[in-house]
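# Chain and residue survey
So you can see what is in the structure, the chains are spelled out below.
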Amino acid sequence: MLRLVPLLALALASFGAWLMSAPDAFGQSQAREPRLALVIANGNYRGFDRLQATFGDGERIAAALSGTGFVDPGGGAVRTRRDLSAAEMEAEIAAFRAALAAAGPQAFGVLYFSGHGVALGNGGDVQMVPVDGSPVGLAAGGSLSRSAVTRNLMGSGARTVLVVLDMCRNTISLPVQPVTTGDAVTVGDTLVPGSKGLRRVIRSAERSHVEGG
């Protein structure tokens, strides 16, 4: 599996540097802007190659987030959730959405995932892989796909949601999932379809969302 290590290292370094660059500004806004983060790191896969670096990546991101005022949805410093099954990932994301909704419309949420990922057909969506995932199982549902997770968290009403997917995107033999209006987001008068990669999506003048893959 190609991990694109130099590019990944640069991306992680840049993300960490961004988080640590302006702690004073973050501190000034913390009282009015709840900051919640969920970090998931999967490495001990059953049906895919095991990954050695994901736990360390998750710990470093969690430390950087904690250092800039982000907290675990349950309280305390941000921590990683390791080696989650599909059901466990879905439960964690559902709880994260609920925490963002409870935090109010000024909330800033970060979801970081490190692990295996797949592209669902050439030019289609991408999906996080749980430790109990398999190509057959991945074909059965899309609750952990980029578009599904992004729509889910955006539905919390949080002001800002940052989704970082630190994963490979190998294409597996699945039917191509066409982009629908449910996958697209309106940016002003422009309709932006779902896609792989990093993009910034403006939902309104007051709300902005960034998603990565």
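Residues numbered from 1 in each chain as written. Predicted model: local features only at pLDDT ≥ 70, side-chain atom pairs only at ≥ 80, totals over all residues. Heavy atoms only, no water.

Here the focus is the pairing of strand 3 (residues 108-115). Within strand 3, eight of the eight residues are buried, leaving the element largely enclosed by the surrounding structure. Pairing between strand 3 and strand 6 (residues 160-167): eight bridges, direction parallel. Looking at the pairing, Phe113 lines up with Leu165 of strand 6. (Buried < 20%, exposed > 50% of the residue type's maximum accessible area, 1.4 Å probe, protein only. Helix = DSSP H or I, 4+ residues; strand = E, 2+ residues; numbered from the N terminus. Pairing = 2+ DSSP bridges.)

Here strand 6 lies mainly inside the structure; eight of its eight residues are buried. Every second residue of strand 6 is oriented toward a common face, with Thr160, Leu162, Val164 and Asp166 on one face and Val161, Val163, Leu165 and Met167 on the other, all of them buried.

Turning to its location among the elements, Leu36 is positioned in strand 1 (residues 35-41). Overall, the relative accessible area of 9% leaves Leu36 in the buried class. Between the C-alpha atoms of Leu36 and Gly109, which are 73 residues apart in sequence, the distance is 4.9 Å. With residues near it in sequence (within four places) discarded, Leu36 still touches Phe70, Val71, Pro73, Phe96, Ala99, Leu100, Ala103, Phe108, Gly109 and Val110. (Contact = heavy atoms within 4.5 Å.)

Note that side chains of opposite charge can pair when their charged atoms are close. Overall, the coordinates contain eight salt bridges when judged by the stated rule. A salt bridge links Asp72 to Arg79; its shortest N-O distance comes to 3.2 Å. Residue Arg146 pairs with Asp125 through a salt bridge whose shortest N-O separation is 3.2 Å. Residue Arg146 is found in helix 6 (residues 146-154), and its partner Asp125 is found in the loop between strand 4 (117-119) and strand 5 (126-128); the two are separated by 21 residues along the sequence. You'll find Arg146 and Asp125 in the same group, each marked buried. Several salt bridges converge on common partners, so that one network encompasses Asp72, Arg79, Arg81 and Glu92. (Salt bridge = Lys/Arg side-chain N within 4 Å of Asp/Glu carboxyl O.)

Once that is clear, we can look at the nonpolar core. Of all hydrophobic cores here, the largest spans 28 residues; its most connected members are Leu111, Phe113, Met128 and Leu153. Of all the elements, helix 4 (residues 86-103) adds the most residues to this core, at five residues. Excluding anything up to four places from it in sequence, Leu153 contacts Ile93, Phe96, Arg97, Leu100, Leu111, Val161 and Val163. (Core = buried A, V, L, I, M, F, W, Y, C linked by side-chain atoms within 4.5 Å.)

This next bit is on the confidence of the model for the chain. Summing up the model confidence of the chain, the mean pLDDT is 74 and the portion of residues at 70 or higher is 60%. The secondary structure element of the chain with the lowest average pLDDT is strand 10 (residues 199-202), at 36, and the one with the highest is strand 1, at 97. In the model, residues 22-29 has pLDDT below 50 throughout and makes five contacts with residues more than four positions away in sequence or in other chains. In this model residues 175-213 is a low-confidence stretch, pLDDT under 50, and it forms 82 contacts with partners more than four residues away in sequence or in other chains. (pLDDT = per-residue confidence, 0-100.)

So, about the packing of helix 4 against helix 6. In contact at an axis separation of 9 Å, helix 4 and helix 6 are set at 30° when each is read in the N-to-C sense. Overall, the two elements helix 4 and helix 6 adopt an arrangement that is roughly parallel. Side by side, helix 4 and helix 6 meet where Ile93, Phe96, Arg97 and Leu100 of the first sit next to Val149, Asn152 and Leu153 of the second. For the contact of helix 4 with helix 6, a count of residues per class yields five nonpolar, one polar and one charged. (Axes fitted to C-alpha atoms, helices over the stretch in contact; angles between N-to-C directions. Parallel < 35°, antiparallel > 145°, perpendicular 65-115°, else oblique. Nonpolar A, V, L, I, M, F, W, Y, C, P; charged D, E, K, R; others polar.)

Between its terminal C-alpha atoms helix 4 stretches 26 Å, which fits the 26 Å expected from 18 residues at 1.5 Å a residue. Those residues of helix 4 lying buried are Met89, Ile93, Phe96, Ala99 and Leu100. Viewed end-on, helix 4 has its buried residues packed into an arc of 120°, placing them on one side of the element. The exposed set on the far side of helix 4, more than 90 degrees from its buried face, consists of Ala87 and Ala102. Phi turns positive, to about 100°, at Gly104, one or two residues after helix 4. (Expected span 1.5 Å × (residues − 1). Arc of directions from axis to C-beta.)

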